[in-house]
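Single-letter residue listing:
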Amino acid sequence: MIDVGIVGGTGYTGVELLRLLAQHPDARVRAITSRKDAGTRVPDMFPSLRRRYDGLVFAEPDKAGLADCDVVFFATPHGVAMAQARELVSAGVKIVDLAADFRLRDPAVFERWYRMPHACPDLLAESVYGLPEVNREAIRKARIVGNPGCYPTAVQLGFLPLLEAGVVDTRHLIADCKSGVSGAGRKTEMNLLFAEASDNFAAYGVKGHRHHPEIAQGLALAAGSPVSLAFTPHLTPAIRGIFATLYAPLTGPETDLQALFEKRYAGEPFVDVMPAGSAPDTRSVRASNMLRIAVHRPAGTDLAMVLAVEDNLVKGAAGQAIQNMNLMFGLPEGAGLEALAVLP
Ligand SMILES: NC(=O)c1ccc[n+]([C@@H]2O[C@H](COP(=O)([O-])OP(=O)(O)OC[C@H]3O[C@@H](n4cnc5c(N)ncnc54)[C@H](OP(=O)(O)O)[C@@H]3O)[C@@H](O)[C@H]2O)c1
């Protein structure tokens, strides 16, 4: 049985980790933190977790016993995991960071976008970017995994087959993306108020979003050279879900796109290439770890258009983090992650 610690257990990805780990056959949550709610019993904050975590109490991070765990998930803002990583890995604890501390390979790029120096560039260098569909073998051996961002998961998996096959012009990639409001975390901000976010649809981060360098990094690796990407996120009046509509000019218009995607993701447990002509929707993945993709070539164009949907809290965060944990501990990759999407 793997002993799990969660730093940041009161946020949306934290409670999603708790929900998914409650169904995991080989892992149990031993430590959970909150600074504001230390001393509160987990089921008192989240009645959905009653009868699963009745003995679990939120603790201050330094009193939670994180060093006694086998793995610690950081479901915290950026900057928290890197401050504690050295002490934990020295104690033999593996780390999966759901924030950005171990995503960007170049510490200078991290510093530019996150406006803080990287606390442990040596550990960043040995860490692995946790996109199993790309880095599965390296994740198995990793002590520290930087779990991908929600948009970066959908956008990279959507573009990857095209870039790896070299069938698109990488100077003109467009990612038009939408997210439900839980993507912003469990906090009060003006644009997340009910009267602002409901019955509304807004672009944000148009001048530059922190997920841009992460996506560009992954796409450049897949393409073998830098790419030019326009990435525009939007806030939709939904709670969960990411919808990424991706466009790329085809350099080989004769390419059988459907066959390309089916071949690339054959055997992938959590990427579902839908039949030709399909249009996915976010509720087909709600609360599940599946990312569904449909690929099209719009009539009258030489464009590839990819439609990718995921649940931002599952394949976009906590589910993928558990997928990574499973790989790091030699467990079946899908352990605890087999639940189907919730309808309606
Ligand atoms: N929401 C998503 O869809 C999503 C998807 C992918 C990745 N992520 C990333 O995952 C991370 C967590 O996101 P979230 O949406 O779950 O955030 P959230 O709802 O705002 O929760 C943040 C959690 O971190 C704790 N925390 C905050 N500052 C801390 C500190 N300095 N030290 C220790 N704990 C601290 C908070 O509890 P206390 O303040 O009580 O300690 C809270 O439990 C973020 O980095 C986010 O970018 C989120």
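About the criteria used
- Per chain, the residues get numbers from 1 upward, laid out in the order the sequence is written.
- A pLDDT threshold of at least 70 governs which residues receive local features in this predicted model, and a stricter bar of 80 or more applies before side-chain atom pairs are shown or counted, although totals over entire chains, interfaces and linings include all residues.
- Think of the side-chain values as coming from all heavy atoms in the structure, minus any hydrogens and water.
- Numbered from the N terminus, helices here are DSSP runs of H or I no shorter than four residues, and strands are runs of E no shorter than two.
- The globule rule used for comparison is 2.2 Å times the number of residues to the exponent 0.38, while the radius of gyration itself is calculated over C-alpha atoms.
- Contacts are assigned to residue pairs that have any heavy atoms within 4.5 Å of one another.
- Shrake-Rupley sampling with a 1.4 Å probe provides the accessible areas, and residues are treated as covered by the protein chains on show and by no other component.
- Only protein chains enter the accessibility calculation, which uses a 1.4 Å probe. A residue is then buried if its area is under 20% of the maximum for its type, exposed if over 50%, and partly exposed in between.
- An automatic or database domain assignment provides the domain bounds reported here.
- Summed over both partners, the accessible surface that disappears when two parts come together, traced with a 1.4 Å probe, is what is meant by buried area.
- In this analysis an axis means a line fitted to C-alpha atoms, helices contributing only their contacting stretch, and an angle means the value between N-to-C directions, from 0 to 180 degrees.
- Throughout, the term roughly parallel applies to angles under 35 degrees, roughly antiparallel to angles over 145, roughly perpendicular to angles from 65 to 115, and oblique to all others.
- To define a nonpolar core, start from buried Ala, Val, Leu, Ile, Met, Phe, Trp, Tyr and Cys residues and group those joined through side-chain atoms within 4.5 Å.
- By convention in these notes, a residue is near a molecule or strand provided one of its non-hydrogen atoms lies within 4 Å of it.
- Counting of polar contacts relies on pairs of N or O atoms within 3.5 Å, with two restrictions inside protein: one atom must be capable of donating a hydrogen and the other of accepting it, and residues adjacent in sequence are counted only when both atoms are side-chain atoms.
- Three classes are used, and their members are as follows: Ala, Val, Leu, Ile, Met, Phe, Trp, Tyr, Cys and Pro are nonpolar, Asp, Glu, Lys and Arg are charged, and the others, Gly among them, are polar.
- For two strands to be treated as a pair, DSSP must find at least two bridges joining them.
- Each crossing is labelled by how the near helix is turned from the far one, with a counterclockwise turn of less than a right angle marking it left-handed and a clockwise turn marking it right-handed.
- The working definition used for a salt bridge is a side-chain nitrogen of Lys or Arg within 4 Å of a carboxyl oxygen of Asp or Glu.

> Help me understand the overall build of the protein chain, please; the structure alone is not making it clear to me.
The helix and strand tally for the protein chain stands at 11 helices and 13 strands. What you see for the protein chain is a C-alpha radius of gyration of 20 Å, in line with the 20 Å of a compact globule of 344 residues. Along the three orthogonal principal directions, the C-alpha set of the protein chain runs to about 60 × 45 × 40 Å. For the protein chain, the proportion of contacts with a sequence separation of at least 24, taken over those separated by at least 6, is 70%. As presented, the protein chain carries roughly 14,800 Å² of accessible surface, and 54% of it is formed by carbon and sulfur atoms.

> I tried to follow unusual backbone geometry on my own but got confused; where do I start?
Excluding glycine, residues mostly carry a negative phi; peptide bonds, for their part, are mostly trans. In the segment running from Leu343 into Pro344, the intervening peptide bond is cis, with an omega of -5°. Structurally, the position occupied by Pro344 is in the segment after helix H11 (314-328). The phi dihedral of Arg51 is positive, around 75°, even though this residue is not glycine. Residue classification places Arg51 among the exposed positions, given a relative accessible area of 76%. The phi torsion at Arg115 lies on the positive side, around 55°, for a residue other than glycine. One can find Arg115 in the loop between helix H4 (107-114) and helix H5 (121-126).

> Help me understand the domain arrangement of the protein chain, please; the structure alone is not making it clear to me.
The extent of an interface is frequently quoted as the accessible surface area lost upon association of the parts. Split by domain assignment, the protein chain resolves into domain 1 (2-126) and domain 2 (150-311). Its C-alpha centre places domain 1 at a distance of 27 Å from the equivalent point of domain 2. Contact with domain 1, which involves 14 residues of that partner, is made by 12 residues of domain 2. For the pair domain 1 and domain 2, the two sides together bury roughly 1,200 Å², of which 54% comes from carbon and sulfur.

> What exactly am I supposed to notice about the packing of helix H7 (residues 150-165) against H11 here?
Each packed pair of helices is defined by two parameters, the angle between the axes and the distance between the axes. Packing of H7 against H11 leaves a shortest axis separation of 8 Å and a crossing angle of 100°. Put simply, H7 runs roughly perpendicular to H11. Taken together, the residues of H11 that come into contact with H7 (itself represented by Cys150, Thr153 and Leu157) are Lys315, Gly316 and Gln320.

> Where do I start with the nonpolar core in this structure?
It is characteristic of soluble globular proteins that their nonpolar side chains tend to be buried jointly. Counting 39 residues, the largest nonpolar core has Phe159, Leu162, Leu173 and Phe261 as its most contacted members. The greatest single-element share of this core, amounting to nine residues, is contributed by H7. Here Leu162 is in contact with Val167, Val168, Ala248, Leu257, Leu260, Phe261, Ala304 and Val306, once residues within four sequence places are set aside.

> Looking at this model, I keep getting lost on the site of the ligand. Mind explaining?
Thr10, Thr13, Ser34, Thr76 and Arg186 are the nearest of the 26 residues found near the ligand. Between the ligand and Gly11, the relevant distance is 3.2 Å, taken from an oxygen atom to a main-chain nitrogen or oxygen of the residue. Take Arg35: an N or O atom from its side chain is 2.8 Å from an oxygen atom of the ligand. For the ligand, whose accessible area on its own is 890 Å², the fraction buried by protein is 84%. Put simply, the parts of the chain that give the shell around the ligand at least two residues each are helix H1 (12-21) and H11. Broken down by class, the residue content of the shell around the ligand amounts to 10 nonpolar, 12 polar and four charged.

> For this particular structure, what's the right way to read the sheet that holds strand E9 (residues 229-235)?
Pairing between sheet strands relies on hydrogen bonds along the backbone, with the strands arranged either parallel or antiparallel. Strand order in the open sheet made by the seven strands is E8-E9-E7-E10-E13-E12-E11, with mixed pairing throughout. Of all the strands in the sheet, the pair left with one neighbour each is strand E8 (202-203) and strand E11 (271-273). Along the sheet, H7 contacts strand E7 (173-179), E9, strand E10 (242-249), E11, strand E12 (291-296) and strand E13 (303-310); its crossing angle with E10, the most-contacted strand, is approximately 30°.

> Looking at this structure, how should I read the packing of helix H6 (residues 132-141) against H11?
Remark: H6 packs on H11, axes separated minimally by 9 Å, with the N-to-C direction vectors making an angle of 35°. Here the hand of the crossing between H6 and H11 comes out right-handed. In this structure, H6 uses Pro132, Glu133, Arg136, Ile139 and Arg140 to contact H11, whose residues at the interface are Lys315, Gln320, Gln323, Asn324, Leu327 and Met328. Its residues assigned to classes, the contact of H6 with H11 comprises four nonpolar, three polar and four charged.

> Explain the pattern of salt bridges here, please?
Under the criterion given, the structure shown has 19 salt bridges. For the salt bridge of Glu133 with Lys315, the shortest nitrogen-to-oxygen distance reads 2.8 Å. Taken together, the residues Glu133 in helix H6 and Lys315 in helix H11 connect sequence positions 182 residues apart. A relative accessible area of 5% places Glu133 in the buried class. A relative accessible area of 0% places Lys315 in the buried class. Two residues, Glu333 and Arg136, come together in a salt bridge whose shortest N-O distance is 2.8 Å. Taken together, the residues Glu333 in the segment after H11 and Arg136 in helix H6 connect sequence positions 197 residues apart. Judged by relative accessible area, which is 14%, Glu333 ranks as buried. Overall, Arg136 belongs to the buried group, its relative accessible area being 18%.

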